[in-house]
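Take a look at the letters that make up each chain.
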Amino acid sequence: MSKILVTGGAGFIGSHTVVELYQSGYEPIIVDNFSNSERSVLKGIETIIGKAPKIYAIDCNDKLEMEEIFQQEKSIQGIIHFAAYKAVGESVEKPLEYFHNNLGSMQVLLELMLQYNTSQLVFSSSCTVYGQPEKLPVTEQTPFLPAQSPYGATKQMCEEILRQTVAIGHKPLKAISLRYFNPVGAHPSAQIGELPRGVPGNLVPFITQSAAGLRPPITVFGNDYNTSDGTCVRDFIHVVDLAKAHVKALQLLEKETSDSYYEVFNIGTGKGSTVLEAIHAFEEATGIKLQYKIGPRRPGDIEKIYAEVNKSSEVLNWHTELSLKEAMRDAWNWQQKLQSK
Ligand code: WQD
């Protein structure tokens, strides 16, 4: 089985990708320092795939420790790089920590890949790189606007580091950046899902915790936007569909014959949904009537964004299979499982 290093593999998207990798015949090896994930995730993965995933509990920024993995694992075929700080608001408070961690880990990985002849990299990027696009749906050719946060800036910079390192072509390097829209939901088995720490900043975990009585009714941040019902529009994609896109990206890199290859892909549903539509999708999926109130806009929020995904379906041979309603069903099942523990 081909070894794939999954940095941040105990995280929300990382853990779902580890499952899909294993079920597609790869040997995923998790690298995670648990700075923003829980060890309990490993048990959930084991329950789904039937064996304990291999794990190195180290910081991707630590080049000496990372190098030991390359020496110990011998032939690593590829890397999927999730490990990064990812809270937009926190990045505004701690910009230099975000630059050090997110850019530093990319630098360490690329240096070791070139040194140990690991030539395939899939990078976890984000639609945040686009800012508020003028034209929708947003395509991969949409030019970057100045980043709206240090977090978004690190994603833009990491993509540029990748693009330039591939272009220099000192050694074979094939890379893909996947620009995620809004990952939501949980594994249908309810063994793994989102584990926000503290008060959830993101919409769906707040919805499920509010529905479970752990939080007050949700506040909808603004209903005076220029959208169908006044609330923001996002492209909510089921985390399992998103995880499968990473397997497709690896398969594309395996087939790629040139020594230097770099491409970016939008990974979304191609459909925009408003915040209120997301709330109603939860209600339809679960039969639970959600209490919510309308509050002021949240600073930094963009009004609407959703993906044009033709390139992903044509070149990556990937498309979404699960609906927002199914994502809400799976998110709720996961919330209930958490409460039963
Ligand atoms: C979605 C919508 C809120 C909470 C962020 C990052 C992005 C990616 C996904 C990392 C917005 C509204 C939310 C609430 C609300 N993360 N909302 N009440 O901000 O689109 O994207 O997470 O890659 O990079 O920017 O996601 O879930 O926070 O918000 O009304 O209690 O839900 O205003 O319109 P966002 P979100």
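The chain goes by UDP-glucose 4-epimerase in an unreviewed UniProt entry, where it is assigned to Xanthocytophaga agilis. The chain has a UniProt comment under Cofactor (unreviewed entry) that states "NAD(+)".

Engineer: Which parts of the structure should I look at to understand the overall build of the chain?
Structural biologist: Scanning the chain from N- to C-terminus turns up 11 helices and 13 strands. Taken against the 2.2 N^0.38 rule, which gives 20 Å for 341 residues, the C-alpha radius of gyration of the chain at 19 Å falls within 12% of a compact globule. Judged by the C-alpha coordinates and their principal axes, the chain covers about 55 × 45 × 40 Å. Across the 341 residues that make up the chain, the buried fraction comes to 52%. Counting only carbon and sulfur atoms, one obtains 51% of the accessible surface of the chain, whose full area is about 14,600 Å². Counting 32 positive and 38 negative side-chain charges, the chain places the averaged centre of each group 3 Å from the other.

Engineer: Just to check I follow, could you spell out the pattern of salt bridges for this structure?
Structural biologist: Oppositely charged side chains are able to pair whenever their charged atoms sit close together. One pass over the structure, following the stated rule, counts 15 salt bridges. Of the charged contacts in the structure, one is a salt bridge between Arg197 and Glu38, with a shortest N-O distance of 2.9 Å. Of this pair, Arg197 sits in the loop between β7 (182–184) and α7 (203–211) while Glu38 sits in the loop between β2 (27–31) and α2 (40–49), placing them 159 residues apart in sequence. We classify Arg197 as partly exposed; its relative accessible area is 43%.

Engineer: Got a minute to help me understand the nonpolar core in this structure?
Structural biologist: Nonpolar side chains in soluble globular proteins generally cluster together in the buried interior. Grouped together as the largest cluster of nonpolar side chains are 38 residues, with contacts concentrated most on Leu21, Ile45, Ile176, Leu178, Phe265, Ile267 and Leu316. Listed by contribution, the elements that provide at least two residues to this core are β1 (3–7), α1 (12–23), α2, β6 (173–180), α8 (239–255) and β11 (260–267). At 9 residues, α8 tops the list of elements feeding residues into this core. The contact partners of Ile267, leaving out residues within four places of it in the chain, are Leu178, Arg179, Tyr180, Phe181, Ile237, Leu242, Ala245, Ser312, Leu316 and Trp318. One finds Ile79, Val108, Cys158 and Leu162 within the second-largest nonpolar core, a separate group that totals 28 residues.

Engineer: Help me out: how do you make sense of the site of the ligand in this one?
Structural biologist: Taken together, 17 residues surround the ligand, and among them Thr128, Tyr151, Leu203, Arg234 and Asp301 come closest. One of the side-chain N or O atoms of Ser126 is found 3.3 Å from an oxygen atom in the ligand. Within the side chain of Arg298, an N or O atom sits 2.9 Å from an oxygen atom of the ligand. A total of 680 Å² of accessible area belongs to the ligand in isolation, and the protein chains cover 89% of it. If one sorts the elements of the shell around the ligand by residue count, strand β8 (residues 218–221) sits on top with 4 residues.

Engineer: Looking at this structure, how should I read the UniProt feature "domain: NAD-dependent epimerase/dehydratase" (unreviewed entry) in the chain?
Structural biologist: Those places that UniProt annotates as "domain: NAD-dependent epimerase/dehydratase" (unreviewed entry) correspond, in this numbering, to residues 4–268. Spanning residues 4–268, this segment combines 40% helix with 20% strand, and its end C-alpha atoms are found 24 Å apart.

Engineer: Looking at this structure, how should I read the packing of aromatic side chains?
Structural biologist: Any two aromatic rings considered together are summarised by their centre-to-centre distance and by the angle between their planes. According to the stated counting rule, one finds 4 aromatic pairs in the structure shown. For the pair Tyr130 and Phe144, a centre-to-centre distance of 6.4 Å together with 80° between the ring planes defines the contact as edge-to-face. Taken together, the residues Tyr130 in the loop between β5 (120–126) and α6 (150–168) and Phe144 in the loop between β5 and α6 connect sequence positions 14 residues apart. A relative accessible area of 0% places Tyr130 in the buried class. Overall, the relative accessible area of 34% leaves Phe144 in the partly exposed class. Consider the rings of Phe282 and Trp332, whose centres lie 5.8 Å apart with planes at 85°: the pair is edge-to-face. Linking Phe282 in helix α9 (residues 275–286) with Trp332 in helix α11 (residues 324–340), this pair joins segments that are 50 residues apart in sequence. Note on Trp332: relative accessible area 12%, which makes it buried. In this structure, Arg297 packs its charged tip against the face of Tyr225, placed 3.9 Å from the ring centre. For Lys311, the ring lying beneath its charged end belongs to Phe265, and the centroid distance is 4.9 Å.

Engineer: Before we go on, may I ask you to explain α11 in this structure?
Structural biologist: Side chains three or four residues apart in an α-helix point the same way, a direct result of the helix having 3.6 residues per turn. Helix length check: α11, at 17 residues, gives a terminal C-alpha distance of 24 Å against a target of 24 Å (1.5 Å per residue), a fit within 8%. By the burial criterion, the buried members of α11 are Leu324, Ala327, Met328, Asp330, Ala331, Trp332, Trp334 and Gln335. Close packing links the buried residues of α11 with β7, α7, β10 (236–238), β12 (273–274) and α9.

Engineer: How do you make sense of the packing of helix α5 (residues 95–115) against α6 when you look at a structure like this?
Structural biologist: The relative placement of two packed helices comes down to the angle between their axes together with the axis-to-axis distance. Contact pair α5 / α6: the axes reach a minimum separation of 9 Å and the direction vectors enclose 20°. Here α6 runs roughly parallel to α5, going by the angle between their axes. Note that α5 runs across α6; the crossing there is right-handed. Between α5 and α6, the residues in contact are Pro95, Tyr98, Phe99, Asn102, Leu103, Met106, Leu110 and Leu114 and Pro150, Tyr151, Ala153, Thr154, Met157, Cys158, Ile161, Leu162 and Thr165, respectively. When its residues are assigned to classes, the contact of α5 with α6 shows 14 nonpolar, 3 polar and no charged.

Rules used in this analysis
- Residues numbered from 1 in each chain as written.
- Predicted model: local features only at pLDDT ≥ 70, side-chain atom pairs only at ≥ 80, totals over all residues.
- Heavy atoms only, no water.
- UniProt positions renumbered as here; feature names shortened; annotations may be inferred.
- Helix = DSSP H or I, 4+ residues; strand = E, 2+ residues; numbered from the N terminus.
- Rg over C-alpha atoms; globule rule 2.2 N^0.38 Å.
- Buried < 20%, exposed > 50% of the residue type's maximum accessible area, 1.4 Å probe, protein only.
- Areas by Shrake-Rupley, 256 points an atom, 1.4 Å probe, with all protein chains shown as cover.
- Lys, Arg positive; Asp, Glu negative; His and termini not counted.
- Charge placed at Lys NZ, Arg CZ, Asp CG, Glu CD.
- Salt bridge = Lys/Arg side-chain N within 4 Å of Asp/Glu carboxyl O.
- Core = buried A, V, L, I, M, F, W, Y, C linked by side-chain atoms within 4.5 Å.
- Contact = heavy atoms within 4.5 Å.
- Near = heavy atom within 4 Å.
- Polar contact = N/O pair within 3.5 Å; in protein donor to acceptor, adjacent residues only side chain to side chain.
- Phe/Tyr/Trp six-rings, centres within 6.5 Å; stacked < 30°, edge-to-face > 60°.
- Lys NZ or Arg CZ within 6 Å of the ring centre and 35° of its normal.
- Expected span 1.5 Å × (residues − 1).
- Axes fitted to C-alpha atoms, helices over the stretch in contact; angles between N-to-C directions.
- Parallel < 35°, antiparallel > 145°, perpendicular 65-115°, else oblique.
- Left-handed = near helix turned anticlockwise from the far one by under 90°.
- Nonpolar A, V, L, I, M, F, W, Y, C, P; charged D, E, K, R; others polar.

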